[in-house]
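Spelled out from the first residue to the last, the chains are:
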Amino acid sequence: MTSLYNPTRVKNMKLKNRFFKAAVWEGLAKDDGHMTQKLYDIYESYARGGVGTIFTGYAYISKDEKPNPKMMGIYSDDFIKDYKKLTDMVHSYDANIVMQIVYGGSQSHLEPPSQEILGPSSITNELTGIKPKEMTKEDIDTLIQFYKEAARRVKSSGFDGLCLHAAHGYLLSQFLCPRYNKRKDEYGGSLENRARIILEVIQSIRQEVGSDYPIFVKINSEDFMEDGLSSRESIEVSKMLEKASVDAIEVSGGNESTKSVLENNLGPARKIRKALNEEESYFKEHALKLKEAVSVPVILTGGNRDYHKMNELLKQGIDYFGLGRPLTCQADLVNMWNKDKSKKSRCVSCNQCYHTPGKRCIFNIKD
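Below is a short write-up of the structure. This one's a predicted model, so the numbers in the text were calculated from it and none came from an experiment.

Moving on: the pairing of strand E12 (residues 248-252). With five of its five residues buried, E12 lies for the most part within the structure. Residues Ala248, Glu250 and Ser252 of E12 are buried on one face, and the alternating residues Ile249 and Val251, pointing to the opposite face, are buried as well. Sheet topology note: the strand E11 (residues 215-220)/E12 ladder contains five bridges and is parallel. Bridge pairing in E12 places isoleucine 219 opposite valine 251. Bridging between E12 and strand E13 (residues 298-301) involves three bridges; their strand directions are parallel. When the sheet's bridge partners are listed, glutamate 250 is paired in E13 with isoleucine 299.

Okay, here's the thing in structure tokens:
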């Protein structure tokens, strides 16, 4: 019988259950991106709490560019020793850990921003006001090399896989978005051209890590903006990702470089009215359509709060479920559900965690 606690596999990675800790930028790394004890402690609480697989907060791949302060880095071999300590610790709890890697582009909240910010086109980011430099072919080749080198470090550090962040308005997401991609060359125009850079990054990474190493991609279900990536296009891109040897697709949504997305509660971390159960798992319709189009596993992230609702979606075909804020609130929630399926998540989707040091749940702050 299929269950949220069935052991499964993604490539050579064994998963003890179908729960993922969704990636959240903690803002607790050192200024140069290295680990701190607080970060080790947070990841240990997730592993100890029963989640099968952890997506780390995103890590930046170039020393000269990062979208947020105090985020983890993976731009140098100097990180491998620190991350080996992290992966060994997580594995001691029979859990997996996958590093999410990113190039931010104009979706940057660093103050001041990185010295040179690249974009598919020189279009001002509506949210941050940053106007990037349009990337040359040489810039694109350099970026692909950054991803390739980061992937080598991720694998050498003992991570069970890597996740390519191509959602939420960061650079790879912007290439997919017609509003921000006005290029006239082979990286702009048609959907195939807009997806080209992601496919080339994956090809380069696959050459580096080998055929058995799990590669995940996080992609928007849609951008929820005018001239943005649509749900239909996202499914077509996901088919391309499958052909390019991606092993699982994480579904999220909302291009956060557009003010209307945030103002209309259409981003990846929405406020949910607890009384309205239908508002939970808010990218589920897209994820179910995607399952009909691809054979690789689909991970549904965003608004997963209710065990029984996730169980119903599992029966309909969704493979895995990402939980961000609920595990920020209750790191042991997966263990709690394993003992008592009637337990409710304490998370009320207030988003106050995003305004606290370390992105901590306000219910848990005692100092």
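Moving on from the model shown.
This paragraph deals with the layout of surface pockets. Each pocket or cavity is described by its volume, and for the largest pocket that value is around 890 Å³. Lining the largest pocket are 39 residues, and of these His168, Glu256, Pro268, Ala269 and Tyr354 lie nearest its centre. For the lining of the largest pocket, the secondary-structure elements that each account for two or more residues are strand E14 (320-323) and helix H10 (325-329). The residue makeup of the lining of the largest pocket, split by class, is 14 nonpolar, 18 polar and seven charged. One number sums up the size of the second largest pocket: a volume of about 410 Å³. Lining of the second largest pocket is provided by 23 residues; of these, Leu28, Ile42, Gly358, Lys359 and Arg360 occupy positions nearest its centre. Mapped by element, the contributors of at least two residues to the lining of the second largest pocket are helix H1 (37-48) and H10. At five residues, the largest contribution of residues to the lining of the second largest pocket is made by H1. For the lining of the second largest pocket, a count of residues per class yields ten nonpolar, five polar and eight charged.

Empty pockets left among the atoms are what a rolling probe the size of a water molecule brings to light. Per the stated rule, a full pass over the model turns up one cavity of 30 Å³ or more. The computed volume of the largest cavity comes to approximately 90 Å³. If you go around the largest cavity, you meet 13 residues; those closest to its centre are Cys329, Cys347, Cys350, Cys353 and Cys361. For the lining of the largest cavity, the residue count by class is eight nonpolar, four polar and one charged.

Moving on, we come to helix H2 (residues 80-91). Here H2 is twelve residues long and its end C-alpha atoms lie 16 Å apart, about the 16 Å a rise of 1.5 Å per residue gives. Inspection of H2 places Ile80, Tyr83, Leu86, Thr87, Met89 and Val90 among the buried residues, and these make up the whole buried set.

Among the structural elements, leucine 288 can be located in helix H8 (residues 284-293). Taking the C-alpha atoms as reference points, leucine 288 and serine 252, separated by 36 residues in sequence, lie 13 Å from one another. Discounting chain neighbours no more than four positions away, the residues touching leucine 288 are Leu313, Gln316 and Ile318.

As a packed pair, H1 and H2 sit with axes 9 Å apart at the nearest point and diverge in direction by 25°. One element, H1, and the other, H2, form an angle in the roughly parallel class. The two elements H1 and H2 meet at a crossing, and its hand is right-handed. Taken together, the residues of H2 that come into contact with H1 (itself represented by Gln37, Tyr40, Tyr43, Glu44 and Ala47) are Asp82, Lys85, Leu86, Met89 and Val90.

Another point: the packing of aromatic side chains. The geometry of an aromatic ring pair comes down to the distance between the two centres and the angle between the two planes. Here the structure, examined in full by the defined rule, presents 16 aromatic pairs. Between phenylalanine 20 and phenylalanine 216, the ring centres sit 6.1 Å apart and the planes meet at 70°, which makes this aromatic pair edge-to-face. Taken together, the residues span a long stretch of sequence, with phenylalanine 20 in strand E3 (residues 19-21) and phenylalanine 216 in strand E11 at a distance of 196 residues. We classify phenylalanine 216 as buried; its relative accessible area is 0%. Members of the aromatic cluster, each reached through a chain of ring pairs, are Tyr60, Tyr75, Phe79, Tyr83 and Phe159. Of note, arginine 18 hangs over the ring of tyrosine 320, and the distance from its end group to the ring centre comes to 5.8 Å. Here lysine 359 stacks its cationic end above the ring of tryptophan 25, 3.7 Å away from the centre of that ring.

Rules used throughout
- Residues numbered from 1 in each chain as written.
- Predicted model: local features only at pLDDT ≥ 70, side-chain atom pairs only at ≥ 80, totals over all residues.
- Heavy atoms only, no water.
- Buried < 20%, exposed > 50% of the residue type's maximum accessible area, 1.4 Å probe, protein only.
- Helix = DSSP H or I, 4+ residues; strand = E, 2+ residues; numbered from the N terminus.
- Pairing = 2+ DSSP bridges.
- 1 Å grid on protein atoms, 1.4 Å probe; cavity = no way out; pocket = protein on both sides within 12 Å on 5 of 7 lines; lining within 4 Å.
- Points joined across faces, edges and corners; volume = space filled by probe spheres on them.
- Nonpolar A, V, L, I, M, F, W, Y, C, P; charged D, E, K, R; others polar.
- Expected span 1.5 Å × (residues − 1).
- Contact = heavy atoms within 4.5 Å.
- Axes fitted to C-alpha atoms, helices over the stretch in contact; angles between N-to-C directions.
- Parallel < 35°, antiparallel > 145°, perpendicular 65-115°, else oblique.
- Left-handed = near helix turned anticlockwise from the far one by under 90°.
- Phe/Tyr/Trp six-rings, centres within 6.5 Å; stacked < 30°, edge-to-face > 60°.
- Lys NZ or Arg CZ within 6 Å of the ring centre and 35° of its normal.

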